[in-house]
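Okay, here's what each chain looks like letter by letter:
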Amino acid sequence: MNLPNIIRPEHTFIGVSAPTKWRALQTIADKAAKAFSVDGQTILKALEAREKLGSTGIGNGIAIPHAAIDGMTSPRGLLLRFAQPLDFEAIDDIATDIAVVLLFGENNRGEYLNVLSAIARRLQSDGVLAAMRKARTVDEFYSDFIADSRV
C-alpha cells in the first residue's frame, strides 16, 4: 500500500483547532472539500453518519474518521494534528490529538479496508507516534508518518 499516493503533503495539517469531535468533523469536511473538490456537506454528512455507528477513535490519541463519498474515484486522505487533544469517544478514553482521515468512492469499498489496515499498522510502528507528536512543522509531521510506509 503506497500511502503517499493517498495522503499527500499538501493534505497535512498541524495546529488544527476544534473544541469537539463534531466541530473537528466539520473542519475535516471543509479541508477535504477544498483538497478533493467534493461538496463539503456531502463529506460532513458521510463522516457524521459513520461516526454515529461507532467512534472512529481507535485509542492512544488516534482517530481514523472514514466514509464513502459519492463522486470519489480513488481513496484519498488527510493527516491532522489538533492544537489541543479532544474527546473523540475512543475506547480507551484518551483524548485524540492525531487524526488520519480516509475518504473513498462507493466502488472502492474493498480497497479501503487495505488502506485502513496500512494506516493502523503505520501508527503502531515503533516511534512513529512519538515522532509525529514532537514534529514542529507540517513537513516533519508528514515525513514521520510516511517514512518507510511503502508496503
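Going by an unreviewed UniProt entry, the chain carries the name Protein-N(Pi)-phosphohistidine--sugar phosphotransferase and comes from Rhizobium anhuiense.

Enquirer: Help me understand helix α6 (residues 138-146) in this model?
Expert: Since there are 3.6 residues in each turn of an α-helix, residues three or four apart along the chain are aligned in direction. Among all positions of α6, only Phe141, Tyr142, Phe145 and Ile146 are buried. Within α6, the buried residues cover an arc of 120° as seen down the axis, which keeps them to one side.

Enquirer: For this particular structure, what's the right way to read the environment of glutamate 111?
Expert: Along the chain, glutamate 111 falls in helix α4 (residues 109-124). Relative accessible area serves as the criterion here: at 35%, glutamate 111 is assigned to the partly exposed category. It is 29 Å that separates the C-alpha atoms of glutamate 111 and aspartate 87, two residues lying 24 residues apart in sequence.

Enquirer: Would you mind going over helix α2 (residues 21-36) with me for this structure?
Expert: For α2, which comprises 16 residues, the first-to-last C-alpha distance of 22 Å matches the rise-based estimate of 22 Å (1.5 Å per residue) to within 8%. Residues Lys21, Ala24, Leu25, Ile28, Ala29, Ala32, Ala33 and Phe36 constitute the buried set of α2. On its buried face, α2 sits against β1 (7-16), α3 (40-53), β5 (76-86) and β6 (96-104). A positive backbone phi angle near 55° is found at serine 37, which sits one or two residues after α2.

Enquirer: Hey, could you run me through the pairing of β5 in this one?
Expert: Along any regular strand, the residues point their side chains to alternate faces of the sheet. Counting buried positions along β5 yields eight of 11 residues, so the element is predominantly enclosed. Bridge count for β1 against β5 is five bridges, and the pairing is parallel. Pairing of threonine 12 across the sheet is with leucine 79, part of β5. As paired strands, β5 and β6 are joined by seven bridges and run antiparallel to one another. Opposite leucine 79, over in β6, you have valine 100 as the bridge partner.

Enquirer: What should I look at first to understand the pattern of salt bridges in this one?
Expert: Pairing of side chains with opposite charge becomes possible as their charged atoms draw close. By the definition in use, this model includes three salt bridges. Note that glutamate 51 and lysine 21 form a salt bridge whose closest N and O atoms lie 3.2 Å from each other. Of this pair, glutamate 51 sits in helix α3 while lysine 21 sits in helix α2, and the two are 30 residues apart along the sequence. Residue class for lysine 21 comes out buried when judged on its relative accessible area of 2%. Aspartate 97 is the salt-bridge partner of arginine 133, the closest N and O atoms lying 2.7 Å from each other. Pair noted here: arginine 133 is in helix α5 (residues 128-134) and aspartate 97 is in strand β6, with a separation of 36 residues, a long-range link. Taking the relative accessible area as the measure of exposure, aspartate 97 reaches 13% and is therefore buried. Connected through salt bridges with shared partners, the residues Lys21, Glu51 and Glu89 form a single ionic network.

Enquirer: For this particular structure, what's the right way to read the side chain of threonine 12?
Expert: Within the secondary structure, threonine 12 is located in strand β1. Threonine 12 gets classed as buried once you look at its relative accessible area, which sits at 4%. A distance of 3.2 Å separates the side chain of threonine 12 from the backbone oxygen of arginine 8, its partner in a polar contact. With residues near it in sequence (within four places) discarded, threonine 12 still touches Ile7, Leu79, Val138, Phe141 and Tyr142.

Enquirer: Help me understand the packing of aromatic side chains, please; the structure alone is not making it clear to me.
Expert: The description of an aromatic ring pair uses the distance of the two centres, along with the angle that the planes make with each other. Summed over all chains, the structure comprises one aromatic pair. Residues phenylalanine 104 and tyrosine 112 carry aromatic rings whose centres are separated by 3.9 Å and whose planes lie at 10° to one another, so their mutual orientation is stacked. An identical accessibility class is assigned to phenylalanine 104 and tyrosine 112; each is buried. It is lysine 31 that lies over the ring of phenylalanine 13; its NZ or CZ is 4.2 Å from the centre. Sitting over the ring of phenylalanine 141, arginine 81 keeps its end group 5.4 Å from the ring centre.

What counts and how
- Residues numbered from 1 in each chain as written.
- Predicted model: local features only at pLDDT ≥ 70, side-chain atom pairs only at ≥ 80, totals over all residues.
- Heavy atoms only, no water.
- Buried < 20%, exposed > 50% of the residue type's maximum accessible area, 1.4 Å probe, protein only.
- Helix = DSSP H or I, 4+ residues; strand = E, 2+ residues; numbered from the N terminus.
- Arc of directions from axis to C-beta.
- Expected span 1.5 Å × (residues − 1).
- Contact = heavy atoms within 4.5 Å.
- Pairing = 2+ DSSP bridges.
- Salt bridge = Lys/Arg side-chain N within 4 Å of Asp/Glu carboxyl O.
- Polar contact = N/O pair within 3.5 Å; in protein donor to acceptor, adjacent residues only side chain to side chain.
- Phe/Tyr/Trp six-rings, centres within 6.5 Å; stacked < 30°, edge-to-face > 60°.
- Lys NZ or Arg CZ within 6 Å of the ring centre and 35° of its normal.

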